[in-house]
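Structure assessment
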Amino acid sequence: MKKIHVALMCLASLAMLMACDGKVKNESTDMSDSTAVADVNSNTALNIYKVWINEDSTMLFDLRDSTHYIEAMKYDEEYCKEYPDYKPGVFYINTEAGGFIVSHNFESEGDTIGGVEYLIEEGPAAGTHALRFTFSNMTPTSATFTFEGEYDWTYKVLDEPVELVPDPHPYVYEE
């Protein structure tokens, strides 16, 4: 009888853990509020699943989980004067894809180095993944992102919410 009671307690605990995990995951991936901010608790974890912003606060990568991949840009005042559809201080979504892949060998490289491949959803390459950048020197709050194998930028974890707005002139793939 004691074994049955212990087994029931273990099952109840497992069910509670699974329910809590599902609730947190659903809340963290909801983009309906059109804001991006890294989870404060994730700032202590060593992984790519965060919202990252570059040193001059103009480029943002929302990689909170593997189901969202968002790139957003903030333009300076001169650019906004030349293109009045853009407003200074606002992040415009350049790319929004259904997911991304972290490519690296965890056993030999750990979590501090790897690459991010995003899903191409439009154009002739739709349905395939393309390498967007590699990352290295990762700490819980910063990482080096390398684009095209030679352009290094230091990115940090976004620590305050920003509004993400659709780009008024998105890139259109032509076939």
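Residues numbered from 1 in each chain as written. Predicted model: local features only at pLDDT ≥ 70, side-chain atom pairs only at ≥ 80, totals over all residues. Heavy atoms only, no water.

**What to know about the overall build of the chain**
- Scanning the chain for helices and strands turns up 3 helices and 11 strands.
- If you list the helices and strands of the chain from N to C, you get α-β-β-β-β-α-β-β-α-β-β-β-β-β.
- The burial tally for the chain puts 31% of its 175 residues in the buried class.
- Accessible surface, the chain: about 11200 Å² in total, of which carbon and sulfur atoms supply 56%. (Helix = DSSP H or I, 4+ residues; strand = E, 2+ residues; numbered from the N terminus. Buried < 20%, exposed > 50% of the residue type's maximum accessible area, 1.4 Å probe, protein only. Areas by Shrake-Rupley, 256 points an atom, 1.4 Å probe, with all protein chains shown as cover.)

**Here's the deal with the packing of aromatic side chains**
- Taken as a whole and assessed by the stated rule, the structure comprises 19 aromatic pairs.
- Pairing Tyr69 with Phe100 gives two aromatic rings, centres 6.2 Å apart and planes at 55°, and the pair type is tilted. Here the residue Tyr69 occupies a position in strand E4 (residues 69-74), and Phe100 occupies one in strand E6 (residues 100-103), the gap between them amounting to 31 residues.
- For Phe100, a relative accessible area of 6% gives the class buried.
- A centroid spacing of 4.9 Å and a plane angle of 80° characterise the contact between Tyr86 and Tyr92, whose relative ring orientation is edge-to-face. Considered together, Tyr86 and Tyr92 belong to a single accessibility category, that of buried residues.
- Pairwise contacts between aromatic rings join Tyr49, Trp52, Phe61, Tyr69, Phe100, Tyr118, Phe133, Phe145, Phe147 and Tyr155 into one cluster. (Phe/Tyr/Trp six-rings, centres within 6.5 Å; stacked < 30°, edge-to-face > 60°.)

**Quick word on the pattern of salt bridges**
- All told, the structure shown has 2 salt bridges when counted by the stated rule.
- Between Arg64 and Asp62 there is a salt bridge; the shortest N-O distance is 2.8 Å.
- According to the relative accessible area criterion, Asp62 is buried, its value standing at 0%.
- Ionic pairing is found between Glu71 and Arg132, a salt bridge with its closest N-O pair at 2.8 Å. Of this pair, Glu71 sits in strand E4 while Arg132 sits in strand E8 (residues 129-136); the two residues are 61 residues apart in sequence, bridging distant segments of the chain.
- Classification of Arg132 by relative accessible area gives partly exposed; the value is 26%. (Salt bridge = Lys/Arg side-chain N within 4 Å of Asp/Glu carboxyl O.)

**Some thoughts on the confidence of the model for the chain**
- On average, residues of the chain score 77 in pLDDT, and 69% of them are at 70 or above.
- In the predicted structure, residues 1-33 sits below a pLDDT of 50 and forms 10 contacts with residues beyond four places in sequence or in another chain. (pLDDT = per-residue confidence, 0-100. Contact = heavy atoms within 4.5 Å.)

**Points about the nonpolar core**
- Ranked by internal contacts, the top residues of the largest apolar core, which has 20 residues, are Ile48, Trp52, Phe61, Leu63 and Phe145.
- Where this core is concerned, the elements lending two or more residues are strand E3 (59-62), E6, strand E7 (114-119), E8, strand E9 (142-147) and strand E10 (151-157).
- Looking at this core element by element, the count peaks at 3 residues for E9.
- When neighbours within four sequence positions are excluded, Phe61 is seen to be in contact with Lys50, Val51, Trp52, Tyr69, Ile70, Glu71, Arg132, Phe133, Phe145, Phe147 and Tyr155.
- Counting residues in each nonpolar core, the second largest holds 10 residues, with Ile53, Ile70, Ala72 and Ile93 among its members. (Core = buried A, V, L, I, M, F, W, Y, C linked by side-chain atoms within 4.5 Å.)

**Side note on the pairing of E7**
- As paired elements, E6 and E7 share 4 bridges and run antiparallel to each other. Of the residues in E7, the one forming a bridge with Ile101 is Glu117.
- Taken together, the 6 bridges between E7 and E8 define a ladder with antiparallel strand orientation. Among the inter-strand pairings, Leu119 is bridged to a residue of E8, identified as His129. (Pairing = 2+ DSSP bridges.)

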